[in-house]
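Fold and contact review
Each chain, written out:
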Amino acid sequence: MKLIIKLLIGIAAGIIAGLSGVDWLIRSLLTFTDIFGEWINFVIPLIILFFIGSGIASIGRGSSKLVGATVGTAYLSTITAGIMAFFIAITIMPMVTSEQQPPEEGAAPEAYFGFELAPLMDILTALVLAFIFGITIAALKLDGLKRIFDEGKTVIEKVIYIAVIPVLPFYIAGIFADMAAEGTVLETMQVFGIVLAVAIATHWVWITIQYTAAGLATGQNPFALIKTMLPAYVTALGTMSSAATIPVTLRQTKQNRVRESVANFSIPLSATIHLSGSVITIVSCAVAVMAVLDGYTVPGFFTMLPVILALGVIMVAAPGVPGGAIFAALGVLTTMLGFSEAAMGMMIALYFAQDSFGTGANVTGDGAIAVLMDKFADRGLPDDAEAALETDEKQAQ
């Protein structure tokens, strides 16, 4: 929550600086933003390589049908949520951006200087390497190589904590100073307020759909299931972390009559791979950014579908830090949608503004997946399912 406050201060400071017309201040902020943008671009492939590689290697250690069912259900939920968010966004965005005017050319000052910090590899290369190493490590049980990826993941997570997140308010300040100097910031803020409200409403629509499916499968009242999970949702609003909310999510899931062995297995796994709320926000905000920024056109469905499919995979790489999902997703947005530095900065600001609500949708959805997996375990596993589940649980841990 302190980070959100700092980001809001950064937005306000950037707007004030841009409206002040003080040339040296605006140019200084823009210079810092350009340099920090290069740093983010350098880190993103490393996030994808180590986090996806480590995640796939860990998931692959599970051998039962329940692992595949949980992963498949989580992925289907994530991409379906993204598709729904896209259609809602393209329906609403034309109505709220119809009066937007493009900024005048050359209206804002330019950075003093800039330089290129070339990444070690591009996004697609990092993604392919992560899959190659992750699958091979799991298949051949290469514990030494897995340790390297796990430790690499720890290093990059530390870099995000120390050298990315604390500097974000200054980066965001530069983005909004540029918009204020161009004269587009007030209209943009109005549009983004609407977009955030739409994203949060879409979260709850998707939560209702998930629990309706779980209720139909198990014969339970979906709204009673949701009510039981509300403590997990509220906890996530404060922690902004699916991992930190796991103890509460587990407790509430078990109260929804999910067997302990199934809950203990599916909830920690879903906390890592099921980020439907985050994808809803990313897709909604991406459409909004492309509708607002000059030079972009809102993509059609078949242009956006590969992006949503990729986001479903990339979410496995989301670092376990506040806003981790957007850092992992920036690689897809820059590579597949051509997002500029300004678009990246606006996506980060928008994502953090609702990160707690997206996390709440993620963990609440994890409970629905656990209910479905409990039903799947009854139908799809043999009589000794409890023993098999206990074994899988130990492997997952």
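Everything below is about the structure printed above this text.
Report on the accompanying structure.

Overview of the packing of aromatic side chains
Under the defined criterion, the tally for this structure stands at 12 aromatic pairs. Residues Phe86 and Phe301 carry aromatic rings whose centres are separated by 6.3 Å and whose planes lie at 45° to one another, so their mutual orientation is tilted. You can see Phe86 sitting in helix α3 (residues 65-96) and its partner Phe301 sitting in helix α12 (residues 301-314), a full 215 residues away along the chain. On the basis of an interplanar angle of 25° and a centroid distance of 5.2 Å, the ring pair of Phe87 and Phe301 is categorised as stacked. With Phe87 in helix α3 and Phe301 in helix α12, the pair connects residues that are 214 residues apart, well separated along the chain. These aromatic residues form a ring-pair network of at least three members: Phe32, Phe36, Phe170 and Tyr171.

Some thoughts on the packing of helix α6 (residues 168-182) against helix α14 (residues 341-353)
In the contact formed by α6 and α14, the axes pass within 9 Å of each other and the chain directions differ by 120°. Judged by the inter-axis angle, α6 sits oblique to α14. Two packed elements cross with a definite hand, and for α6 against α14 that hand is left-handed. Listed contacts from α14 to Leu168, Tyr171, Ile172, Ile175, Phe176 and Met179 of α6 are Glu341, Ala342, Met344, Gly345, Met346, Ile348, Ala349 and Phe352. A per-class count over the contact of α6 with α14 returns 12 nonpolar, one polar and one charged.

Re the environment of Val363
As for its position among the elements, Val363 is in helix α15 (residues 355-380). Linking Val363 and Ser270, residues 93 residues apart in sequence, is a C-alpha distance of 8.2 Å. Here Val363 is in contact with Met229, Ala232, Tyr233, Ala236, Ser242, Thr245 and Thr249, once residues within four sequence places are set aside.

Conventions used here
Along each chain, numbering runs from 1 in the same order as the chain's sequence is written. The predicted nature of this model means local features are confined to residues of pLDDT at least 70 and side-chain atom pairs, given and counted, to a pLDDT of 80 or more, with totals for whole chains, interfaces and linings taken over all residues. Side-chain calculation: all heavy atoms of the structure are included, whereas hydrogens and water are not. Aromatic pairs are defined between Phe, Tyr and Trp rings, using the six-membered ring for Trp, whenever the two ring centres lie within 6.5 Å; interplanar angles under 30 degrees are classed as stacked, those over 60 as edge-to-face, and all others as tilted. Working definition: helices are DSSP H or I runs of at least four residues, strands are E runs of at least two. Numbering for both runs from the N terminus. For every element, the axis is a line fit to its C-alpha atoms; helices are fit only across the contacting stretch, and the angle between N-to-C directions ranges from 0 to 180 degrees. Roughly parallel covers angles under 35 degrees, roughly antiparallel covers those over 145, roughly perpendicular covers 65 to 115, and oblique covers all other angles. By definition, any crossing whose near helix is turned counterclockwise from its far helix by less than a right angle is left-handed, and any crossing with a clockwise turn is right-handed. Two residues qualify as a contact provided that any one of their heavy atoms is within 4.5 Å of a heavy atom in the partner residue. In the scheme used here, Gly and all other residues not listed as nonpolar or charged are polar, with Ala, Val, Leu, Ile, Met, Phe, Trp, Tyr, Cys and Pro taken as nonpolar and Asp, Glu, Lys and Arg as charged.

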